[in-house]
Amino acid sequence: MQQTFLAIKPDGVQRGLTGKIISRLEEKGFKLIGMKLMKVTNELAERHYGEHKDKPFFKGLVSFITSGPIVAMVWEGKNVISSLRKIMGKTNPLDAELGTVRGDFAVDIGKNVVHGSDGEESAKREIALFFKEEELIKWEQDIQKWIYE
Ligand code: IDP
Ligand code: MG
């Protein structure tokens, strides 16, 4: 089973969207194995968004992600990395389909509510950046036999 890192960004937490977004992932059939409400430090933000450090929006992105609490999560499931990217929708909410989180809940690219890892390598890197091994819970979800064939 794959694992991925998902975060509700400060705008999503401030707007009270945390529960709705978690519900979508639970209803889809994925398993939550780690979760915490946290303030992101500058250092963590700069490491997390390291791939964007030369982009013009980098400074604003770091100051935004550190501006209030986020909800950091790890989700597990079959093809969960690409599936969550689909559920999130395109980076720019204008291009995100209705029915996706960004398509339904966001307007501007800089306030697009959620972050999700974009591949296996970034998922591993981001999970390790935000969670200690012991913060990830191994548990059996009884309904999985009704989700997976
Ligand atoms: P992603 O979040 O869909 O993976 P990335 O390209 O990795 O998108 O960009 C990270 C975040 O940086 C985006 O979610 C968005 O909030 C912000 N961002 C990306 N491009 C721009 C831009 O052109 N202007 C302002 N913010 C941007
Ligand atoms: Mg990205």
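In what follows, the structure referred to is the one given above.
None of these values were measured; they are calculated from a predicted model.

Reading the values: the criteria
- Residues numbered from 1 in each chain as written.
- Chains lettered and ligands numbered in written order.
- Predicted model: local features only at pLDDT ≥ 70, side-chain atom pairs only at ≥ 80, totals over all residues.
- Heavy atoms only, no water.
- Helix = DSSP H or I, 4+ residues; strand = E, 2+ residues; numbered from the N terminus.
- Buried < 20%, exposed > 50% of the residue type's maximum accessible area, 1.4 Å probe, protein only.
- Core = buried A, V, L, I, M, F, W, Y, C linked by side-chain atoms within 4.5 Å.
- Arc of directions from axis to C-beta.
- Contact = heavy atoms within 4.5 Å.

Concerning unusual backbone geometry
Among all residues save glycine, negative phi is the norm, and among peptide bonds the norm is trans.
Here is step 1 of the chain: The phi torsion at N79 lies on the positive side, around 50°, for a residue other than glycine.
Here is step 2 of the chain: With respect to the helices and strands, the residue N79 is situated in the loop between β3 (70-77) and α5 (80-88).
Here is step 3 of the chain: In this structure N79 comes out as partly exposed when scored by relative accessible area, which is 46%.
Here is step 4 of the chain: Located in the positive-phi region is V113, a residue other than glycine, with phi close to 75°.
Here is step 5 of the chain: Of note, V113 is situated in the loop between α6 (101-105) and β4 (114-116).

Section: the nonpolar core
Here is step 1 of the chain: L6, I21, W75 and L84 are the most contacted members of the largest nonpolar core, which totals 22 residues.
Here is step 2 of the chain: At the level of secondary structure, the elements contributing two or more residues to this core comprise β1 (2-8), α2 (18-28), β3, α5 and α6.
Here is step 3 of the chain: It is α5 that contributes the most residues to this core, 5 residues altogether.
Here is step 4 of the chain: Counting residues in each nonpolar core, the second largest holds 20 residues, with I33, M38, F58 and V74 among its members.

Here we look at helix α7 (residues 120-130)
Here is step 1 of the chain: Among the residues making up α7, those that are buried are S122, A123, E126, I127, L129 and F130. All buried residues of α7 lie within an arc of 160° about the axis, which places them on one face of the element. Opposite the buried face of α7, at more than 90 degrees from it, the exposed residues are E120, E121, K124 and A128.
Here is step 2 of the chain: Those residues of α7 that are buried lie in contact with β1, β2 (31-38), α3 (42-48), β3, α5 and β4.

Structural measurements only, silent on function.
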